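# Structural characterization, general
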Amino acid sequence: MPRVAPHDPFFRVATATAFTHRLLSGLAAGRYAAVRVPGFFSPERCAEVLGALERRTFDSYGTARVQPPVMRFGVGISDHMADGGVADSYWEALEGHDRAWRALDLSFDPFAVCREALGAHWPGGVAVGRRGGRELGDGVAREPNQGFLVHFDDASREYTEDLLDTPLIGQFAFNLYLSVPPSGGETVLWRHRWQPEDEAYRLPASYGYDEAVVRGAESLEITPCAGEALLIDPRYFHAVRPSRGARRVALGFAVGLASSGQLVTWA
Ligand SMILES: O=C(O)CCC(=O)C(=O)O
Ligand SMILES: [Fe+2]
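Right, let's walk through the structure included here. (Residues numbered from 1 in each chain as written. Chains lettered and ligands numbered in written order. Predicted model: local features only at pLDDT ≥ 70, side-chain atom pairs only at ≥ 80, totals over all residues. Heavy atoms only, no water.)

### Re the packing of aromatic side chains
What counts here: Any two of the Phe, Tyr and Trp rings considered here, Trp counted by its six-membered ring, make a pair once their centres fall within 6.5 Å; the pair's planes then place it as stacked at under 30 degrees, edge-to-face at over 60, or tilted in between. Only DSSP runs of H or I reaching four residues or more are called helices, and only runs of E reaching two or more are called strands; each is numbered from the N terminus. Burial classes follow relative accessibility: with a 1.4 Å probe on protein chains only, a residue under 20% of its type's maximum area counts as buried, one over 50% as exposed, and anything between as partly exposed. Working rule: Lys NZ or Arg CZ, within 6 Å of ring centre, within 35 degrees of ring normal, means a charge sits over the ring.
A full pass over the atoms with the stated rule returns 16 aromatic pairs. Measuring from centroid to centroid gives 5.8 Å for F19 and F40, while their planes differ by 70°, and the two rings are edge-to-face. Of this pair, F19 sits in the loop between strand 1 (13-15) and helix 1 (21-29) while F40 sits in the loop between strand 2 (34-37) and helix 2 (43-54), and the two are 21 residues apart along the sequence. A relative accessible area of 17% places F40 in the buried class. Ring centres of F152 and F237 lie 5.4 Å apart, and the angle between their planes is 65°; on these two criteria the pair is classed as edge-to-face. Of the two residues, F152 is situated in the loop between strand 11 (148-151) and helix 5 (155-158) and F237 in strand 17 (residues 236-240); the sequence distance between them amounts to 85 residues. Three or more aromatic residues joined by ring pairs make a cluster, and in this case those are F19, F40, F41, F108, F174 and F253. Positioned above the aromatic ring of Y32, the side-chain terminus of R12 is 4.1 Å from the ring centre. Across the ring face of Y61, the terminal group of R72 is positioned such that the distance to the ring centre comes to 5.3 Å.

Put into structure tokens, the structure is as follows:
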């Protein structure tokens, strides 16, 4: 008899037509690892944003920390982390961010549309998060053509104090895929959360870990479709595989569940 690897019934992906109250609560409670909503953006909406972005040059995330490089359009807070807090450079960069996104001259605000659909069935609603009363960034377009290394995201560990004015009791990572490659570009999640021993696998000066950190853990693989929205529990270690044949461009932001009950986003 071949040995069947044991499976955690809660380490699963839900596919739905909307981010319902039940699915968001389930993700926060650990009854799902991820929620997919295909067709979240119409092909027309994807094409409009992508068409505008194609005429712009992307920056790269700080290349000391992010290797292989990941391209981005817009400001991400991870480039401005300093001493467990947020450097002034973040707020300065955000002014340019707003200008750059406005200059795309889109017929709709893509991050606002994503936010509203995310919060549509959530009793506490959704808003862009604040720090010191100031609104944080609303999102970035990210292009990890060479993939993301194995990593996890958890603002409670990355920042010394609460990142936002309101304490968080849960966290998600949101991605809306505008363009996906014909092969590669999978998002992989492992049923493994950070533990102190994992630091032995951290790559020097990097956001990522050696893949041996998740050896033996149950994993699941998601091949995103264009127009799809994906919400994951980012405290599970996750990675993105390199893309082949086309750009992999996604709109992304972090989502927190505030102790007030409101969903709050930042980038
Ligand atoms: O692009 C993806 O599918 C996931 C990227 C990621 O690491 C995140 O959203 O936290
Ligand atoms: Fe991540």
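### What about the coordination of the iron ion (ligand 2)?
The condition is simple: A donor here means an N, O or S atom no more than 2.8 Å from the metal, or no more than 3.2 Å when the metal is Na, K or Ca. Since water is not included, a site may seem to lack partners.
Every protein donor of the iron ion (ligand 2) is listed here as H151 (NE2), D153 (OD) and H238 (NE2), and their distances to the metal cover 2.1 Å. Donor residues for the iron ion (ligand 2), ordered by position in the chain, follow H-x1-D-x84-H. The exposure class assigned to H151 is buried, which follows from its relative accessible area of 7%.

### Quick look at the site of ligand 1
To keep things clear, this is the line we draw: Whether a residue is near a molecule or strand depends on its heavy atoms: it is near if one of them lies within 4 Å of it. Whenever a nitrogen or oxygen atom comes within 3.5 Å of another N or O atom, the pair is scored as a polar contact, on the condition that within protein one atom can donate a hydrogen and the other can accept it, and that pairs from neighbouring residues in sequence are kept only if both atoms are in side chains. Using a 1 Å grid laid over the protein atoms alone, points where a 1.4 Å probe fits but cannot get out form a cavity; open sets with protein on both sides within 12 Å along at least 5 of 7 lines form a pocket; any residue with an atom within 4 Å of a point counts as lining. Any molecule with more than half of its atoms within 2 Å of a cavity's or pocket's grid points is regarded as sitting in that cavity or pocket. Think of it as three bins: nonpolar holds Ala, Val, Leu, Ile, Met, Phe, Trp, Tyr, Cys and Pro, charged holds Asp, Glu, Lys and Arg, and polar takes everything else, Gly as well.
Around ligand 1, a shell composed of R142, F148, H151, D153, A173, N175, Y177, T187, H238, V240 and R248 is seen. The contact in question runs from an oxygen atom of ligand 1 to an N or O atom on the side chain of N175, over 2.7 Å. In this structure the site holding ligand 1 corresponds to the largest pocket. Secondary-structure elements contributing two or more residues to the shell around ligand 1 are strand 11, strand 12 (168-179) and strand 17. Looking at the shell around ligand 1, the element that brings in the most residues is strand 12, giving 3 residues. Residues that form the shell around ligand 1 fall into these classes: 4 nonpolar, 4 polar and 3 charged.

### Focus on the sheet that holds strand 11
Filter applied, for reference: Whether two strands pair comes down to DSSP finding at least two bridges between them. The axes are straight lines fitted to the C-alpha atoms, using for helices just the contacting stretch, and the angles between their N-to-C directions are given from 0 to 180°.
The 4 strands are arranged 11-17-14-15 in an open sheet whose pairing can be described as antiparallel. The sheet is open, and its two edges are formed by strand 11 and strand 15 (219-222), each paired on a single side. This sheet shows a mean twist of 20° between the axes of neighbouring strands, independent of strand direction.

### Quick word on the pairing of strand 12
Taken across its 12 residues, strand 12 has 10 buried, putting it largely inside the fold. Pairing geometry for strand 12 and strand 19 (residues 249-258), over 10 bridges, is antiparallel. Its bridge partner lying in strand 19, G170 is registered against L257. Judged from the 4 bridges that link them, strand 12 and strand 16 (residues 229-232) form a sheet pairing that is antiparallel. In the sheet register, N175 faces strand 16, and the bridge partner there is L230.

### As for the environment of H192
For the record, the criterion: Contact definition: two residues touch when any of their heavy atoms are within 4.5 Å.
Among the structural elements, H192 can be located in strand 14 (residues 187-193). Overall, the relative accessible area of 14% leaves H192 in the buried class. C-alpha separation for the pair H192 and H238, spaced 46 residues apart in sequence, amounts to 9.1 Å. Those residues in contact with H192 that sit more than four places away from it in its chain are D198, V213, V214, A217, R235, Y236 and F237. At 2.8 Å, the side chain of H192 forms a polar contact with the side chain of D198.

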